[in-house]
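Each chain, written out:
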Number of protein chains: 4
Amino acid sequence: MPELVFPLDSSRPFEDQQLVGHNRWHPEIPPVATVRPGDTFRVHCREWFDGAIVNDDSAEDILNAPLKTVHKLSGPFAVEGAKPGDLLVVDILDVGPIPQEDSGPLAGQGWGYTGIFARSNGGGFLTDRFPDAYKAIWDFRGQTATSRHVPEVSFTGIVHPGLMGTAPSAGLLARWNQREGALIATDPDRVPPLALPPEPDGALLGGVPEADRQRVAGEAARTAPPRENGGNQDIKNLTKGTRVFYPVFVDGANFSVGDLHFSQGDGEITFCGAIEMGGFIDFHVDVIKGGMETYGVSENAIFLPGNTDPQYSEWIAFSGTSVTLEGEQCYLDSQLAYQRACLHAIDYLTNFGYSPEQAYLLLGAAPIEGRFSGVVDIPNSCATVYLPTAIFDFDVRPSAAGPHRIDPGTGAPHAAA
Amino acid sequence: MPELVFPLDSSRPFEDQQLVGHNRWHPEIPPVATVRPGDTFRVHCREWFDGAIVNDDSAEDILNAPLKTVHKLSGPFAVEGAKPGDLLVVDILDVGPIPQEDSGPLAGQGWGYTGIFARSNGGGFLTDRFPDAYKAIWDFRGQTATSRHVPEVSFTGIVHPGLMGTAPSAGLLARWNQREGALIATDPDRVPPLALPPEPDGALLGGVPEADRQRVAGEAARTAPPRENGGNQDIKNLTKGTRVFYPVFVDGANFSVGDLHFSQGDGEITFCGAIEMGGFIDFHVDVIKGGMETYGVSENAIFLPGNTDPQYSEWIAFSGTSVTLEGEQCYLDSQLAYQRACLHAIDYLTNFGYSPEQAYLLLGAAPIEGRFSGVVDIPNSCATVYLPTAIFDFDVRPSAAGPHRIDPGTGAPHAAA
Amino acid sequence: MPELVFPLDSSRPFEDQQLVGHNRWHPEIPPVATVRPGDTFRVHCREWFDGAIVNDDSAEDILNAPLKTVHKLSGPFAVEGAKPGDLLVVDILDVGPIPQEDSGPLAGQGWGYTGIFARSNGGGFLTDRFPDAYKAIWDFRGQTATSRHVPEVSFTGIVHPGLMGTAPSAGLLARWNQREGALIATDPDRVPPLALPPEPDGALLGGVPEADRQRVAGEAARTAPPRENGGNQDIKNLTKGTRVFYPVFVDGANFSVGDLHFSQGDGEITFCGAIEMGGFIDFHVDVIKGGMETYGVSENAIFLPGNTDPQYSEWIAFSGTSVTLEGEQCYLDSQLAYQRACLHAIDYLTNFGYSPEQAYLLLGAAPIEGRFSGVVDIPNSCATVYLPTAIFDFDVRPSAAGPHRIDPGTGAPHAAA
Amino acid sequence: MPELVFPLDSSRPFEDQQLVGHNRWHPEIPPVATVRPGDTFRVHCREWFDGAIVNDDSAEDILNAPLKTVHKLSGPFAVEGAKPGDLLVVDILDVGPIPQEDSGPLAGQGWGYTGIFARSNGGGFLTDRFPDAYKAIWDFRGQTATSRHVPEVSFTGIVHPGLMGTAPSAGLLARWNQREGALIATDPDRVPPLALPPEPDGALLGGVPEADRQRVAGEAARTAPPRENGGNQDIKNLTKGTRVFYPVFVDGANFSVGDLHFSQGDGEITFCGAIEMGGFIDFHVDVIKGGMETYGVSENAIFLPGNTDPQYSEWIAFSGTSVTLEGEQCYLDSQLAYQRACLHAIDYLTNFGYSPEQAYLLLGAAPIEGRFSGVVDIPNSCATVYLPTAIFDFDVRPSAAGPHRIDPGTGAPHAAA
């Protein structure tokens with residue numbers, strides 16, 4: 001095992017550990033540890049809600065999920081010598097659930113969860129159709145996931161961190177707050193909200209000195225969206241073996257990580273849509289001096305995906321275009337087109353006996369692929385979603401014989417607002 | 001060779017052939033041929049501009065591309081016994097350039113083209129940054145494409161039809177015209193336009209009787225966008241071996257096909273972004289009676305992709321979020337996020353010596369993958385674009401040694417409006 | 001289509017064509033055409049028995065297959081400037097069945113065949129267990145093969161030439177004759193024979209002058225085995241997109257090709273084990289001057305396989321070791337180990353209702369993988385054979401529920417000696 | 001972590017642990033633990049020489065490797081209710097190096113080794129050309145291996161157990177001893193030997209009672225070869241996610257495991273040819289009652305490989321036929337053909353500056369593929385070996401420009417007998 005630079009004790013809350021992480025982005029959050037270019041090290045991660053979601057058959061916890069407290073991030077880790085303008089090279093050597101603990105109350109201890117957030121608590125990709133809260137518990141056996149709440153499927157997890165990134169500079173943070181504030185101002189009372197402004201309530205700021213906490217909490221950015229620093233990109237292909245190049249905005253880069261996923265479909269469509277878990281991640285880091293200019297990288301991340309993703313060769317795919325369910329024509333809207341493609345997939349699966357919610361939860365959790373197929377054919381974008389046929393215990397393809405019928409069991413736990 | 005039910009003579013225009021196809025969608029366009037469920041047959045296809053784009057080093061033809069005349073569609077083909085409510089099962093058995101003709105003036109005769117449309121003539125995905133017209137000619141050697149206009153790359157084409165679909169019913173057509181008209185009405189003078197209304201000028205209506213032509217031309221839908229009937233989906237994964245299930249809206253299904261691509265990246269981002277060509281396609285068709293209800297399919301297409309796509313295992317990937325270049329924060333806009341990801345890829349490639357236009361043309365033509373990575377992390381979508389590293393003759397990955405420099409040659413032909 | 005340098009008329013025998021090929025290796029067989037480095041050209045190929053095997057339900061033709069007349073080779077093609085010591089670079093641009101002819105009496109016209117040779121007529125890999133002749137006819141639909149003689153399977157063909165090679169020098173030919181003669185001499189009456197000596201009866205020598213024919217026929221090597229010049233390597237992975245590097249032994253290289261396969265399993269285990277067909281193949285050639293020394297290549301071929309093989313991701317695999325069926329322990333004999341692995345696969349499939357011969361024919365024709373797993377663990381080699389599970393219409397994996405039972409139909413045609 | 005049923009303390013020898021394993025096959029070796037069908041459990045494994053091979057730059061340890069003491073096997077594990085005639089279903093849930101220990105003197109603590117055995121100590125696949133001992137040390141970083149002894153290569157390990165199997169019955173053991181003894185008797189003084197007879201010296205027999213030890217040690221089979229019970233199959237594709245079906249010969253099945261490999265090429269051609277290491281493996285087991293008869297399985301193993309192997313899409317391949325280096329023609333000898341193919345690959349790599357031994361060690365350790373291409377084309381088998389081009393830091397393909405030259409460094413440590 002590489003040196004463990006950020007340990008977590010599963011029996012204690014995230015705030016009450018040897019080293020305390022953070023749940024906001026701010027340049028003044030001091031590093032919890034310093035590593036050198038060329039170093040290999042291990043980091044423990046806590047699941048994003050720090051144990052608020054439990055392994056049971058109720059969705060009340062999802063309904064009331066404490067969104068102000070996320071994401072529990074491990075770090076920041078300073079990289080010696082990294083300067084603004086450099087590229088930070090991050091190799092994901094390994095990533096997985098909590099080692100040596102395959103049962104217990106914490107997601108990552110042999111199990112994980114997928115949730116559909118209620119519209120009143122954040123919503124999700126298809127919140128107009130699915131306004132209530134739902135949950136599925138997934139059990140891990142090696143790299144395979146199955147669920148008592150979504151029967152007759154099993155799949156190899158595509159394990160990855162949902163969130164990694166470097167600290168923003170003060171200027172970058174100010175830009176975030178300015179532009180997101182401007183968006184919120186266009187419809188400040190919207191449910192769900194258009195964006196999340198800085199929120200002192202629930203802010204966890206690592207080692208920020210007491211004297212600065214109130215100010216920093218009022219400035220620090222929420223971690224939900226991906227931004228110039230990487231962040232909550234939810235790219236399912238950041239599996240082990242992946243190399244990522246991050247822009248560096250502050251001395252030391254101040255790299256943080258969290259939100260591990262046992263698996264996720266492209267888009268993480270239920271918002272809480274991956275199989276959420278805590279666990280460990282092993283890194284190797286290096287620095288390309290001046291790399292931001294050399295390679296013209298000013299934001300986001302370049303990456304070279306690993307080569308041990310679960311392999312599938314047979315798919316059933318669905319397409320969608322940018323027309324709303326009500327029949328309104330929108331202009332080249334790939335977000336909408338992907339919603340329609342996902343709804344087609346969900347509707348299709350109901351012919352086999354799944355409830356729409358079970359199908360939705362499955363698309364959030366399984367390694368489905370979501371692609372931009374056509375983005376220029378005015379006025380319609382065409383988006384496509386690909387489901388591996390091998391994840392179903394039965395033949396899921398259309399045929400003259402008609403669909404197999406599953407036993408949906410008790411279904412996915414449900415809680416209405 | 002399967003029976004050739006729609007032949008084309010390369011020496012004559014599309015309108016002057018033994019059987020004449022169409023370039024608009026309308027239920028009254030009569031079938032040119034009837035096939036039976038279980039039949040295998042071959043169809044010739046003309047490139048979408050019917051020879052207006054030539055194999056030279058000028059982009060004037062792209063600048064003046066006659067958009068009102070597209071797409072040249074082969075068909076419709078009636079399938080005996082198919083009724084509204086059925087699913088039409090279409091197997092793509094084979095697809096390729098014009099057989100036995102590997103040189104000549106017509107795209108598909110050993111070569112194809114990619115164009116960037118000028119903003120004044122349709123524009124494209126990144127038209128704000130690339131307002132002028134550009135062109136690249138690609139030469140085919142077996143399934144490999146190379147271009148004198150985009151040096152030091154070569155790739156295996158992912159050959160597919162850009163456009164396939166069934167005829168709309170009168171009611172469906174009316175809905176299209178209503179909703180697209182409503183969109184246009186919101187900004188009728190926009191350049192490029194929001195959508196394309198029925199256009200009698202240039203309409204080709206197959207065997208519609210003379211008496212009906214004026215009326216039908218005024219009603220018939222343009223072929224640019226994908227819609228409920230499939231249509232111009234531009235799904236690069238519809239390679240040979242693929243099975244597609246289309247909803248049937250009229251007696252006989254009246255299936256049409258056109259717009260063959262030697263290769264295309266996800267999104268066909270330059271609008272004329274695939275490698276455009278004419279050629280042949282072999283089909284097998286069948287019908288699932290009542291399949292629309294059995295499988296809950298009311299629109300678009302379900303498909304099972306083939307298993308002989310070009311395989312790549314190493315990729316360099318770029319991400320983007322839904323913030324405009326000017327810094328404006330948009331709300332969960334995957335279309336914008338994919339634009340930003342593609343711009344990042346383009347900017348990156350310029351560090352190796354490519355002009356931005358060469359990079360843009362390459363992304364339109366090569367088998368790149370475009371994915372919805374995060375679609376729920378308010379306010380930012382995260383989109384990712386993956387380029388196979390093996391298509392470059394050099395090592396395209398970031399490194400401490402810095403980028404290789406290509407010789408960009410004369411560059412991509414350019415024409416300003 | 002590239003220039004056709006070796007045309008074949010399907011209605012006439014191989015000997016009665018515009019250009020006449022050959023079925024023996026000899027340096028004095030003159031080229032039928034000359035191409036230049038950088039050239040692209042098309043070659044027609046006849047199936048290896050030139051029409052002796054027909055599309056019916058009898059195996060009499062396989063029982064009496066005229067082995068002295070094979071393989072019908074197209075060529076030789078001289079490459080301008082190629083000299084002994086060079087490497088000939090051969091790109092397979094495309095390869096397929098007879099274009100434009102999808103029905104007819106000749107294999108390659110929409111169909112192909114797999115045969116099990118009788119022990120008395122050459123035998124095969126498992127001739128001790130399968131001493132009689134059997135046949136399966138496969139029908140092509142696009143790149144998919146199915147057979148009325150082997151029900152409930154279908155697979156994407158892995159199309160390739162079984163035989164390609166350069167002409168031997170006189171010295172190399174002499175070595176072949178010497179060493180193969182020495183082997184035959186150890187058991188000259190063996191049935192099947194240990195090797196095939198030069199055989200004037202049935203020899204086809206292209207343009208060898210009449211005066212030299214008798215001598216050349218007595219010297220020329222049979223084409224059955226692969227040798228230093230490539231030859232009948234039966235490497236299923238030489239699919240389109242493949243680049244092969246052949247040593248050059250005579251001026252002009254004198255390259256020949258034949259024995260096209262619609263598909264084949266590793267080993268071509270039934271001898272006539274691929275799906276045999278005639279068709280076309282498109283080449284691009286080049287020369288690396290002095291490449292044999294530069295790259296230390298004195299024999300056989302180096303190749304870079306194409307990237308459009310049919311992809312499968314789920315397999316059922318069987319292992320075998322080097323112990324005979326009678327229980328005799330042999331020493332590190334991978335040939336035997338692979339026989340045992342294949343027999344295990346065959347026996348396994350009989351539990352689903354296949355006859356052993358149907359299973360054997362399937363393993364010869366489908367894209368199965370045969371691997372050397374352990375070759376050093378004295379005294380046993382371990383060989384493994386992998387069958388793609390997706391080629392079966394049913395679930396072929398072992399389970400507590402027991403095997404599905406197919407209807408074997410009339411079975412594979414059979415003829416006893 | 002699943003329950004640990006077989007722990008190993010890295011600081012103590014294999015014989016001096018809480019539970020003691022075995023290094024011979026015998027039905028009377030009692031189980032160390034009993035599990036139930038449906039159970040998931042973890043097993044620690046020691047590298048096969050129990051620490052005799054060290055992380056240094058000498059090959060003396062390989063020269064004197066104590067072959068009589070191998071393999072250190074963990075087990076046997078009894079499965080409740082398993083009876084002779086059943087199939088034991090073994091799922092490999094996870095497998096890897098020693099957890100939490102990434103440095104130390106034991107292979108598996110962050111490093112592993114590949115050895116070429118001297119002819120006088122077992123030899124290897126190419127012992128005629130490589131009669132001396134050589135060693136390479138590989139360092140692990142995540143799933144990537146690199147070596148100071150084989151420069152300019154790195155690859156993703158294909159992690160798997162080299163040896164798994166069920167206990168033989170007394171009758172089966174007797175057959176092994178009879179047939180292997182008969183082989184040895186044909187040349188009892190051969191170096192290296194034809195097979196390894198029972199050897200009391202060094203025998204480790206787990207919990208066999210003292211009174212029976214001498215007898216059992218004289219009967220028990222060596223673990224080198226794979227046999228009817230699975231055993232030392234060295235199948236590189238038994239990666240995590242794999243399901244194996246083993247025949248059951250004794251009550252409880254008595255399953256054992258050992259010889260973990262961080263990576264291996266097909267054939268494990270240097271004998272000590274994988275990257276040898278200790279580590280852990282997680283299993284799930286089940287039983288198919290009467291499965292041996294239901295599925296016709298009497299020996300060896302059926303398996304369904306996992307789907308997370310390292311993926312490569314570009315290969316350079318070499319072929320070989322069954323003619324000896326001295327020019328002798330052998331009859332359909334795939335073992336020889338694969339030797340010749342591997343020698344071609346080795347010779348090829350020397351053009352880039354590798355010593356032959358470095359190339360040989362690489363082929364033993366990297367995930368190369370070895371295939372039976374032609375096994376019926378009398379008198380020559382054709383074998384092929386495929387190297388992923390991406391494992392080299394440079395372009396390894398032949399070109400007109402000639403080969404890149406590496407710096408071979410100090411080379412692979414060497415020790416002559």
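All values reported here derive from a predicted model rather than from experimental measurement. Residue positions are given per chain, counted from 1 along the sequence in the order it is written. Chains and ligands are labelled sequentially in the order written, the chains with letters from A and the ligands with numbers from 1. Per-residue local features are limited, in this predicted model, to residues with pLDDT of at least 70; the limit for side-chain atom pairs, both in listing and counting, is 80 or more; totals at the level of whole chains, interfaces and linings are taken over all residues.

## Quick look at the interface of chain C and chain A
Item 1. Contact between residues is assigned whenever the C-beta positions, reconstructed from backbone atoms, fall within 7 Å. The interface is formed by five residues belonging to chain C together with five residues belonging to chain A.
Item 2. Of the residues belonging to the side of chain C that touches chain A, the class tally is two nonpolar, two polar and one charged. Throughout this entry, Asp, Glu, Lys and Arg are counted as charged residues, while Ala, Val, Leu, Ile, Met, Phe, Trp, Tyr, Cys and Pro are counted as nonpolar. The remaining residues, Gly among them, count as polar.

## A short note on the relation of the copies chain C and chain A
Item 1. Residues below a pLDDT of 70 in either copy are left out; the C-alpha atoms of the rest, at least 70 in both, set the least-squares superposition of the copies. After a rotation of 180 degrees and a shift along the axis of 0.0 Å, chain C superposes on chain A with an RMSD of 0.0 Å. In short, the pair behaves as if placed about a two-fold rotation axis. Closest approach to the rotation axis within chain C is made by the C-alpha atom of S313 of chain C, at a distance of 2.7 Å.
Item 2. With an isologous cut-off of 70% or more, the 100% of interface residues of chain C that recur at the interface of chain A puts this contact in the isologous class.

## Looking at the pairing of strand 10 (residues 160–166) of chain D
One face of the sheet, then the other: side chains in a regular strand alternate in exactly this way.
Residue and element names in this part refer to chain D.
Item 1. Between the buried cut of 20 or more and the exposed cut of 12 or fewer other C-beta atoms within 10 Å of a residue's own C-beta lies the partly exposed class, and all C-beta atoms are placed from the backbone. Every helix listed is a DSSP run of H or I at least four residues long, and every strand listed is a run of E at least two residues long, numbered separately from the N terminus. Strand 10 sits mainly inside the fold: seven of its seven residues count as buried.
Item 2. Two strands are said to pair when DSSP picks up at least two bridges between them. Inspection of the sheet shows strand 10 paired to strand 14 (residues 255–263) by six bridges, in the antiparallel sense. Residue H160 lies in a different strand from strand 14, and its bridge partner there is H261.
Item 3. As paired strands, strand 10 and strand 12 (residues 230–231) are joined by two bridges and run antiparallel to one another. Counterpart to M164 in the pairing with strand 12 is G231.

## Overview of the domain arrangement of chain A
In many reports, interface size means the accessible area that the parts give up when they come together.
Residues and elements named next belong to chain A.
Item 1. Partitioning chain A into structural domains gives domain 1 (3–304) and domain 2 (315–415).
Item 2. A domain assignment, automatic or from a database, supplies the domain bounds used here. Summarising the inter-unit geometry, the C-alpha centres of domain 1 and domain 2 are found 27 Å apart.
Item 3. Contact residues are listed per partner, giving 38 residues for domain 1 and 29 residues for domain 2.
Item 4. Among the secondary structure elements, those contributing two or more residues to the side of domain 1 that touches domain 2 are helix 1 (60–63), strand 6 (111–116), strand 7 (133–141), strand 9 (150–156) and strand 15 (271–276).
Item 5. Per-element tally for the side of domain 1 that touches domain 2: the top contributor is strand 9, with six residues.
Item 6. For the side of domain 1 that touches domain 2, the residue count by class is 19 nonpolar, 10 polar and nine charged.

## As for the pairing of strand 4 (residues 73–79) of chain C
Residue and element names in this part refer to chain C.
Item 1. In terms of burial, strand 4 is largely enclosed, as seven of its seven residues are buried.
Item 2. When strand 2 (residues 33–35) meets strand 4, the two strands line up parallel, connected through three bridges. What sits directly across from A33, in strand 4, is F77.
Item 3. Relative to strand 14 (residues 255–261), strand 4 runs antiparallel, the two being bridged by three bridges.

## With respect to helix 2 (residues 170–185) of chain A
All names here are of chain A.
Item 1. Here helix 2 spans 22 Å end to end across 16 residues, near enough to the 22 Å set by a 1.5 Å rise per residue.
Item 2. For helix 2, every residue scored as buried is listed here: L172, L173, W176, R179, E180, L183 and I184. Viewed end-on, helix 2 has its buried residues packed into an arc of 140 degrees, placing them on one side of the element. Across helix 2 from its buried face, at more than 90 degrees, point the exposed residues G171, Q178 and A185. Expected helix span is computed as 1.5 Å times (number of residues minus one). Summarising the geometry, the arc corresponds to the directions from the helix axis toward the C-beta atoms.

## Some thoughts on the nonpolar core
Item 1. Core analysis: the biggest nonpolar cluster contains 270 residues, and L88 and C342 of chain C together with L88 and C342 of chain D have the highest contact counts within it.
Item 2. We call a set of buried Ala, Val, Leu, Ile, Met, Phe, Trp, Tyr and Cys residues a nonpolar core when their C-beta atoms link them within 7 Å. Residues A78 and I137 of chain A together with F41 and F49 of chain B belong to the second largest nonpolar core, which totals 269 residues.

## Topic: the environment of Y386 of chain A
Residue and element names in this part refer to chain A.
Item 1. Inspection of the secondary structure assignment puts Y386 in strand 20 (residues 382–388).
Item 2. By the C-beta count within 10 Å, which is 24 here, Y386 ends up buried.
Item 3. For the pair Y386 and F49, spaced 337 residues apart in sequence, the C-alpha to C-alpha distance is 29 Å.
Item 4. In this view, Y386 contacts W315, A317, I368 and E369; residues no more than four positions away in its chain are not counted.

## Some details on the interface of chain C and chain D
Item 1. Across the boundary between the two partners, chain C contributes 81 residues, which contact 82 residues of chain D.
Item 2. A class-by-class count of the residues in the side of chain C that touches chain D yields 39 nonpolar, 28 polar and 14 charged.
Item 3. Across two bridges, strand 17 (residues 302–304) of chain C lies against strand 18 (residues 315–321) of chain D in antiparallel orientation. Paired with F303 of chain C across the bridge in strand 18 of chain D is A317 of chain D.

## So, helix 5 (residues 334–350) of chain C
Item 1. Here helix 5 of chain C spans 24 Å end to end across 17 residues, near enough to the 24 Å set by a 1.5 Å rise per residue.
Item 2. When you tally the buried positions in helix 5 of chain C, you get 15 out of 17 residues, the bulk of the element.

## Description of the packing of helix 5 (residues 334–350) of chain D against helix 6 (residues 356–365) of chain D
All names here are of chain D.
Item 1. Packing of helix 5 against helix 6 leaves a shortest axis separation of 8 Å and a crossing angle of 130 degrees. The angle between helix 5 and helix 6 falls in the class oblique. At the point where helix 5 passes helix 6, the crossing takes the right-handed sense. On the side of helix 5, the interface is formed by C342, A345, I346, L349 and T350, while helix 6 contributes P356, A359, Y360 and L363.
Item 2. Taken together, the residues that form the contact of helix 5 with helix 6 break down as eight nonpolar, one polar and no charged. Axis geometry follows a simple rule: fit a line to the C-alpha atoms, using only the stretch in contact for helices, then measure angles between N-to-C directions, giving values from 0 to 180 degrees. Angle categories: roughly parallel below 35 degrees, roughly antiparallel above 145, roughly perpendicular from 65 to 115, and oblique for all the rest. Left-handed describes a crossing whose near helix is turned anticlockwise from the far helix by less than a right angle; the clockwise case is right-handed.

## Description of the environment of A82 of chain B
Residues and elements named next belong to chain B.
Item 1. Its place among the elements puts A82 in the loop between strand 4 (73–79) and strand 5 (87–97).
Item 2. Put simply, A82 and D286 are 204 residues apart on the chain and 8.9 Å apart in space, counted from C-alpha to C-alpha.
Item 3. Setting aside residues no more than four positions away along its own chain, A82 makes contact with L88, V248, G252, A253 and V287.

## Observations concerning the confidence of the model for chain A
Item 1. Overall, the predicted model of chain A reaches an average pLDDT of 96, with 100% of residues at or above 70.
Item 2. We note a pTM of 0.96 for the whole complex and an ipTM of 0.97 for its interfaces. The predictor reports its confidence for every residue as pLDDT, a score running from 0 up to 100.

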